[in-house]
Amino acid sequence: MNSLKTCLEDLEQAGHLVRVREEVSPDLEIAEIQRRAYAQKAPAILFERVAGTEFPCVSNLFGTKQRTAYIFRRTLDLVSLAVRLKADPGAFLKNLPRGFLQNPRSYGRLPFAGLTSLPQRISPRRAPVMAHQTSLDQLPMIKSWPMDGGPFITLPQILSQDCRRPGIMGTNLGMYRVQLSGNQYEPNHEVGIHYQLHRGIGIHHSHAIEDGKPFRVSLFVGGHPAHTVAAVMPLPEGLSELIFAGMLGGRRFRYVQDGGHIISADADFCIVGTIIGTKPEGPFGDHLGYYSLQHDFPVLKVERVYHRPGAIWPFTVVGRPPQEDTTFGELIHEITGPMVPVSLPGVKELHAVDAAGVHPLLLAIGSERYTPYQKSSRPQELLTQAHGILGFNQCSLAKYLFIVNGHDAPRVTTHDVPGFFTHLLERVDLTNDLHFHTHTTMDTLDYSGESINRGSKLVIAVQGPTRRTLGRTLPPWNLPAGFKNPRLAHPGVLVLEGPAFQSYGTEDIDPLCRELWGQINRDPSESSNQNIVLIVVCDDSAFCAQSFANFVWVTFTRSNPSHDCHGVASSVTFKHWGCKGPLVIDARLKPHHAPPLVEDPTVTRRVDRLCAKGGSLHGVLQCL
């Protein structure tokens with residue numbers, strides 16, 4: 001399997017791919033089909049006729065973990081072994097005899113994996129991607145959400161070079177969305193590249209600006225699916241994405257030098273050009289479940305657009321999780337998990353919660369080993385580990401970090417998110433365990449902060465024995481005017497509706513906190529007064545409490561810790577904030593928030609016709 005085409009043929013023979021022969025529109029329709037396909041665990045879908053382009057499109061390649069494992073069935077074990085060896089050579093060698101007996105094929109290939117996966121330069125005459133040239137307007141113009149600023153490339157592989165470290169091993173391969181047209185882009189000559197905080201391309205771009213050199217970028221679409229995965233993989237220091245691509249693909253990454261650009265020889269498409277400045281990019285329906293709005297981002301002046309014979313355009317759609325990028329996240333966790341204890345001593349597990357939009361909520365299990373001879377209920381080493389996590393790769397984008405001591409309950413895991421919450425809420429000391437970081441960076445896509453890239457963080461570090469039994473019934477509280485419809489979203493978690501948010505200058509959460517504290521104090525013996533730990537104020541409590549996924553999505557995507565965390569009987573002691581009663585998070589929509597993603601009902605009806613009897617997707621997808 002050396003190309004996307006041969007991969008699709010392999011998937012079709014195994015029953016993992018279906019074809020849509022009717023013409024479909026790239027304007028919203030094809031994207032809604034993909035969202036529905038992922039939600040219903042459908043096969044990969046090859047769209048043979050897409051309006052406005054001669055190129056077929058494929059989606060849902062990575063739609064299930066089982067299909068992803070099937071695509072990489074011959075190489076995934078080898079890649080996992082290589083990462084484990086890189087993470088902890090001592091432990092790997094200790095377990096080598098037993099591992100070799102269990103998996104002799106992969107262990108036998110491991111000593112040669114790095115050498116046989118080195119990138120390979122070939123002649124342009126041998127590069128399939130350079131067989132043909134086209135123009136931007138002939139590419140599939142896929143628009144995913146109604147308010148998107150134009151069509152986007154959603155599975156690009158963007159290769160940049162470091163002018164201070166020239167050569168193939170000084171490159172970075174990353175995935176950053178690309179706007180093909182719209183806004184102020186010069187038609188057929190410019191595209192927008194949206195790269196965010198903490199991305200390798202940013203370092204290369206900075207060096208080019210500082211040294212006064214042109215910043216050349218190559219943009220690939222398609223090729224072996226391993227190349228797509230390599231572009232999203234947060235790899236350990238010293239392991240090139242191109243070596244990883246070769247190892248996972250079972251074939252060396254072949255490339256061509258072309259006028260100062262490096263081109264992936266086996267890609268289906270390649271766009272080459274030079275970054276020339278910035279222009280407004282977006283809006284774009286993004287993976288937090290909201291639009292990321294229009295902001296200035298780098299512009300690529302396009303010089304040439306190549307494509308191979310029979311080129312196929314892969315795409316995905318992002319939106320409120322879970323979507324296809326959820327499967328990418330699962331694969332990343334599986335491959336890179338062994339790196340966590342090595343890179344972050346004492347940290348046993350990390351989990352960016354997909355249902356909460358990934359970066360807004362990060363869970364961790366750490367270790368308390370500082371003073372084993374003294375029993376302490378206050379976190380010590382956990383705080384050291386928390387700071388290490390917030391400085392570790394893209395974990396630096398976490399907004400809420402909850403870390404617990406793994407020794408308190410050895411069976412607790414970050415991957416059981418409701419169970420993790422129960423463990424934390426049973427033990428948290430709200431007067432001591434909350435640690436705020438203010439005026440700091442925030443994920444570019446998160447609009448709950450003060451402005452783009454600016455917000456705050458909250459670390460909750462918990463250790464020690466159980467402090468309380470969590471409430472499973474509504475407490476007998478009389479809510480002040482404007483607050484209504486209390487519901488339990490989880491043991492110890494109360495959600496209620498508040499009045500529409502006005503501004504931070506007209507605070508209405510503090511009166512709620514004062515009223516609740518008065519009622520709790522009037523009857524301190526009432527157990528239900530003591531077993532609500534978290535209160536979430538939202539716009540629709542029925543929706544928020546309907547599922548745990550709804551609860552974490554609403555709570556952690558719609559709040560900025562420094563501005564939206566309040567507390568019943570809160571106080572500041574020597575600059576440390578805490579509260580005697582429940583923590584209150586204001587998760588109402590604010591005027592500065594980006595709008596949530598909503599599908600177009602007319603497009604939904606058109607897709608339903610494809611799913612009905614007689615349509616290509618009948619029996620594959622269900623009508624809504």
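Residues numbered from 1 in each chain as written. Predicted model: local features only at pLDDT ≥ 70, side-chain atom pairs only at ≥ 80, totals over all residues. Heavy atoms only, no water.

Novice: Sorry if this is basic, but what is going on with the sheet that holds strand E20 (residues 361–366) here?
Specialist: Strand pairing in a sheet relies on backbone hydrogen bonds, with the paired strands running either antiparallel or parallel. With respect to topology, five strands assemble into an open sheet ordered E19-E20-E21-E23-E22, the strand pairing being mixed. The open sheet is flanked by strand E19 (349–352) and strand E22 (434–441), the only strands paired with a single partner. Averaged over all pairs of adjacent strands, the angle between strand axes in this sheet comes to 15 degrees, irrespective of strand direction. Note that E19 and E20 share four bridges and pair antiparallel. (Pairing = 2+ DSSP bridges. Helix = DSSP H or I, 4+ residues; strand = E, 2+ residues; numbered from the N terminus. Axes fitted to C-alpha atoms, helices over the stretch in contact; angles between N-to-C directions.)

Novice: Sorry, what's going on with the pattern of salt bridges here?
Specialist: Should their charged atoms come close, side chains of opposite charge can pair. Using the criterion set out here, one finds 27 salt bridges in the structure. One salt bridge connects arginine 164 with aspartate 211, and the closest N-O pair in it is separated by 3.0 Å. Placement of the pair is arginine 164 in the loop between strand E7 (156–161) and strand E8 (171–174) and aspartate 211 in helix H8 (residues 200–211), with a sequence separation of 47 residues. A relative accessible area of 44% places arginine 164 in the partly exposed class. What makes aspartate 211 partly exposed here is its relative accessible area of 32%. Salt bridges linked by common partners bring Asp508, Asp564, Asp586, Arg588 and Lys590 together as one network. (Salt bridge = Lys/Arg side-chain N within 4 Å of Asp/Glu carboxyl O. Buried < 20%, exposed > 50% of the residue type's maximum accessible area, 1.4 Å probe, protein only.)

Novice: Explain the side chain of threonine 68 to me, please; I cannot follow it from the model alone.
Specialist: For threonine 68, the position within the fold is in helix H3 (residues 65–71). Using a relative accessible area of 3% as the deciding quantity, one classes threonine 68 as buried. Once you skip the residues sitting within four places of it in the chain, threonine 68 turns out to touch Phe62, Thr327 and Leu331. (Contact = heavy atoms within 4.5 Å.)

Novice: Could you clarify how one ought to interpret the pairing of strand E2 (residues 44–47) in this entry?
Specialist: Looking down a regular strand, the side chains alternate between one sheet face and the other. Burial of the side chains of E2 extends over both faces: Ala44 and Leu46 are buried on one face and Ile45 and Phe47 on the other. Sheet topology note: the strand E1 (residues 17–20)/E2 ladder contains four bridges and is parallel. Looking at E2, one finds that arginine 19 is bridged to leucine 46. In this fold, E1 hands off to helix H2 (residues 29–39), which returns the chain to E2; that crossover is right-handed. Where E2 meets strand E3 (residues 57–59), three bridges bridge the pair, whose relative direction is antiparallel. When the bridges of E3 are listed, leucine 46 appears paired with valine 58. (Right-handed = clockwise from strand over helix to strand, strands pointing away.)

Novice: What should I look at first to understand helix H10 (residues 241–249) in this one?
Specialist: Here H10 lies mainly inside the structure; nine of its nine residues are buried. When H10 is considered as a whole, its buried residues turn out to be Glu241, Leu242, Ile243, Phe244, Ala245, Gly246, Met247, Leu248 and Gly249. Capping the start of H10, serine 240 holds a side-chain oxygen 3.0 Å from the backbone nitrogen of leucine 242, two or three residues further along. (Polar contact = N/O pair within 3.5 Å; in protein donor to acceptor, adjacent residues only side chain to side chain.)

Novice: Would you mind going over the packing of aromatic side chains with me for this structure?
Specialist: The description of two aromatic rings rests on the distance between their centres and on the angle between their planes. Scanning all chains against the criterion turns up 19 aromatic pairs. Consider the rings of phenylalanine 55 and phenylalanine 269, whose centres lie 4.9 Å apart with planes at 85 degrees: the pair is edge-to-face. Highlighted residues: phenylalanine 55 in the loop between E2 and E3 and phenylalanine 269 in strand E14 (residues 269–281), separated in sequence by 214 residues. As far as the burial class goes, phenylalanine 55 and phenylalanine 269 line up, both buried. Ring geometry for phenylalanine 402 versus phenylalanine 421: centroids 5.8 Å apart, planes at 70 degrees, classification edge-to-face. On the criterion of sequence distance, the pair formed by phenylalanine 402 in strand E21 (residues 400–405) and phenylalanine 421 in helix H14 (residues 417–427) is long-range, its members being 19 residues apart. As far as the burial class goes, phenylalanine 402 and phenylalanine 421 line up, both buried. (Phe/Tyr/Trp six-rings, centres within 6.5 Å; stacked < 30°, edge-to-face > 60°.)

Novice: Is there a simple way to think about the environment of threonine 326 in this case?
Specialist: Tracing the backbone shows threonine 326 in helix H11 (residues 324–336). Separated by 27 residues in the primary sequence, threonine 326 and valine 353 place their C-alpha atoms 9.9 Å from one another. Among all residues touching threonine 326, those that are not within four sequence positions of it are Tyr38, Pro321 and Asp354.

All we've got here are geometric facts, nothing functional implied.
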